[in-house]
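These are the residues of each chain, in order.
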Amino acid sequence: MTTDPSNQRKPEPCSMIIFGATGDLTHRLVTPALYNLAAADLLPDKFCVVGIARKPMSSGALRDSLMKGLREFATRPVDDAVAERLLECVTCIAGDPTDPGSIDRMRAQIEQLEATRQTGGNRLFYLATPPDAFAPVARELRRAGLLREDGQTWRRLVVEKPFGTDLESAKALNRELLTIMDEHQIYRIDHYLGKETVQNILVLRFANGMFEPIWNRNHIDHIQITVDEKLGVGHRGSFYDATGALRDMVPNHLFQLLSLVAMEPPARFDAHAVRSEKAEVLAAIHTWSERDALQNSVRGQYWGGRIGGADITDYRSTKDVKSDSTTETYVALKLVIDNWRWAGVPFYLRTGKALGTKRTEVAIKFKQAPFAMFRNTPVEQLSQNYLVLGIEPSEGIALQFNTKVPGPTISIDGVEMKFRYKDYFKAEPSTGYETLIYDCMIGDNILFQRADSVEAGWQAVQPFLDAWKKAGADGLERYEAGSEGPANAEALLTRDGRNWRKFGRIA
Ligand code: BG6
């Protein structure tokens, strides 16, 4: 993510080696993102894509399959000439990336391709694989010498989420990867950081003089982070039932939003400074005891219902989900941050599947005006001001405040001042992966997670995982698909004299 628009340059020559080339992620997101980069002329002039497939497959067959995926998932109309130019760079190599014999053969083929395509030996390895393959593949790449940097060439490894399943496993994975390569070579991806609206949080806070003076416990009452989804678990039953809403969304996506909203101003806009501040604030999240974790959380699981005219089946009847599953599909948490800026300001987080509306937003609620001048009028019960950062589907920023309704008596109403991206910018729709892949190629890891951030995130959620494991079905509340989620999620705030912001689009 460069700060200088005139600086958007083509990356140096490189090869991109994708493990899991036949998989869903490669078809749904990576190829459409590469296509968008190609259309914007932001791929290296000398470039090749090597798709690693476990089963034998010709390069032609892989190209056809990627083209089919592109037609289905592209975010804009596909220009055949651009797509063909991109796919012409694709070669398929079959083999088991955890098997030394296979990797040695791959190495010879990759080196040959690099020579033909003149990519200069720079390599971007992309692990679009199940998480249990991350460390074994990295180990093999190291053994075969494929990750060694010699000062002239770079070797980078992109690791997808989930990065670990709890604090211990995340630490173990970090430890192992860091014995294999250097931190600067590891790009832990979180696709939320590829979203323009998420990147804009930094700009909103630190490129404007008016927000930062009030961005603290003196003026902010609390912060709500919401990621509601309409989709159910669909065909991901096996992954999801072992994962749940908390692991799937909170230490990664929701904590990205939290850290950008809550971090201290970095001294510079560079990867070290920004990532250090993000890690610092995540590490300051209070680690609840298991008892407090139960009191400060709500977990739910959906049963059948209707969303947008379609039937959603009971979570427990989903393919590959246990019929007595206690996996949560909804979670609401109250967190506090132990630092000077945020002491006494609760952060309420919620996310769930199969809900009635889709929305991702951060709502910052300001404190009540300090003096009730309008005593004995309805104005005394004025609602507090909200600043709402809309991430999806309403992309924009809204400021809610109170206004006098025209007329002879004092009567008030809440109104909104809105900024909508689509009114100002005509950006082409994107997958969110373009910036991330481009940044990997130019070696900018500002938008990627550092080891300490990942561990701080797991540290904060570990008490919930431990407490829920012990509680089993106790405390798991069922909610109807298409509803707003479990009733107790509301109670989590009402007991503090607060409410979740009602749905309101910035549109
Ligand atoms: C993924 C989760 O990381 O993020 C999914 O595994 C979830 O379960 C998705 O649906 C949400 O992403 P977005 O961009 O649609 O909010």
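Up top is the structure these notes are about.
It should be emphasised that the depicted structure is a prediction, and the values quoted were computed from it without experimental measurement. (Residues numbered from 1 in each chain as written. Predicted model: local features only at pLDDT ≥ 70, side-chain atom pairs only at ≥ 80, totals over all residues. Heavy atoms only, no water.)

### A few points about the packing of helix α4 (residues 100–117) against helix α5 (residues 134–143)
Their axes nearest at 10 Å, the elements α4 and α5 cross at an angle of 55 degrees. The angle between the axes of α4 and α5 places the two elements in the oblique class. Note on packing geometry: the crossing formed by α4 with α5 is right-handed. Here Pro 100, Ile 103 and Asp 104 of α4 come into contact with α5, specifically with Glu 140, Leu 141 and Arg 143. A class-by-class count of the residues in the contact of α4 with α5 yields 3 nonpolar, no polar and 3 charged. (Axes fitted to C-alpha atoms, helices over the stretch in contact; angles between N-to-C directions. Helix = DSSP H or I, 4+ residues; strand = E, 2+ residues; numbered from the N terminus. Parallel < 35°, antiparallel > 145°, perpendicular 65-115°, else oblique. Left-handed = near helix turned anticlockwise from the far one by under 90°. Contact = heavy atoms within 4.5 Å. Nonpolar A, V, L, I, M, F, W, Y, C, P; charged D, E, K, R; others polar.)

### Quick look at the pattern of salt bridges
Pairs can form between side chains of opposite charge whenever their charged atoms are close. Enumeration according to the criterion identifies 34 salt bridges in this entry. Ionic pairing is found between Arg 495 and Asp 496, a salt bridge with its closest N-O pair at 3.8 Å. Arg 495 sits in the partly exposed class, given a relative accessible area of 45%. Salt bridges linked by common partners bring Arg 205, Glu 212, Glu 264 and Arg 341 together as one network. (Salt bridge = Lys/Arg side-chain N within 4 Å of Asp/Glu carboxyl O. Buried < 20%, exposed > 50% of the residue type's maximum accessible area, 1.4 Å probe, protein only.)

### Let's talk about the environment of Trp 303
Within the fold, Trp 303 resides in strand β8 (residues 297–307). Sequence separation of Trp 303 and Arg 316 is 13 residues, and the distance between their C-alpha atoms is 7.5 Å. In contact with Trp 303, not counting residues within four places along its chain, are Asp 314, Tyr 315, Arg 478, Tyr 479, Glu 480 and Ala 481.

### Comments concerning the nonpolar core
Met 16, Leu 34, Phe 47, Tyr 126, Phe 347 and Ile 437 are the most contacted members of the largest nonpolar core, which has 152 residues in total. Examining the composition of this core, we find that 11 residues originate from one element, helix α9 (residues 244–262), more than from any other. Shared between two domains, this core holds at least three residues of each, these being domain 1 (5–160) and domain 2 (193–372 + 451–494). (Core = buried A, V, L, I, M, F, W, Y, C linked by side-chain atoms within 4.5 Å. Domains from an automatic or database assignment.)

### Some thoughts on helix α2 (residues 59–73)
Taking 1.5 Å per residue, 15 residues should reach 21 Å; α2 reaches 21 Å between its end C-alpha atoms and fits that length. Restricting attention to buried positions, one finds in α2 the residues Ser 59, Leu 62, Leu 66, Met 67, Gly 69 and Leu 70. One side of α2 carries all its buried residues, which in axial view fall inside an arc of 165 degrees. Within α2, the exposed residues directed more than 90 degrees away from the buried face are Asp 64, Lys 68 and Glu 72. (Expected span 1.5 Å × (residues − 1). Arc of directions from axis to C-beta.)

### A closer look at empty space enclosed by the protein
Under the definition given, this model contains 6 cavities of 30 Å³ or more. Put simply, the largest cavity is a space of about 120 Å³. Together, Val 159, Glu 160, Lys 161, Phe 163, Arg 188, Ile 189, Asp 190, Pro 251, Asn 252, Gln 449, Val 454 and Trp 458 line the largest cavity. Sorting the residues of the lining of the largest cavity by element identifies α9 and α14 (451–471) as the ones contributing at least two each. Its residues assigned to classes, the lining of the largest cavity comprises 6 nonpolar, 2 polar and 4 charged. (1 Å grid on protein atoms, 1.4 Å probe; cavity = no way out; pocket = protein on both sides within 12 Å on 5 of 7 lines; lining within 4 Å. Points joined across faces, edges and corners; volume = space filled by probe spheres on them.)

So, to be careful, I would describe these as geometric facts and stop short of saying anything about function.
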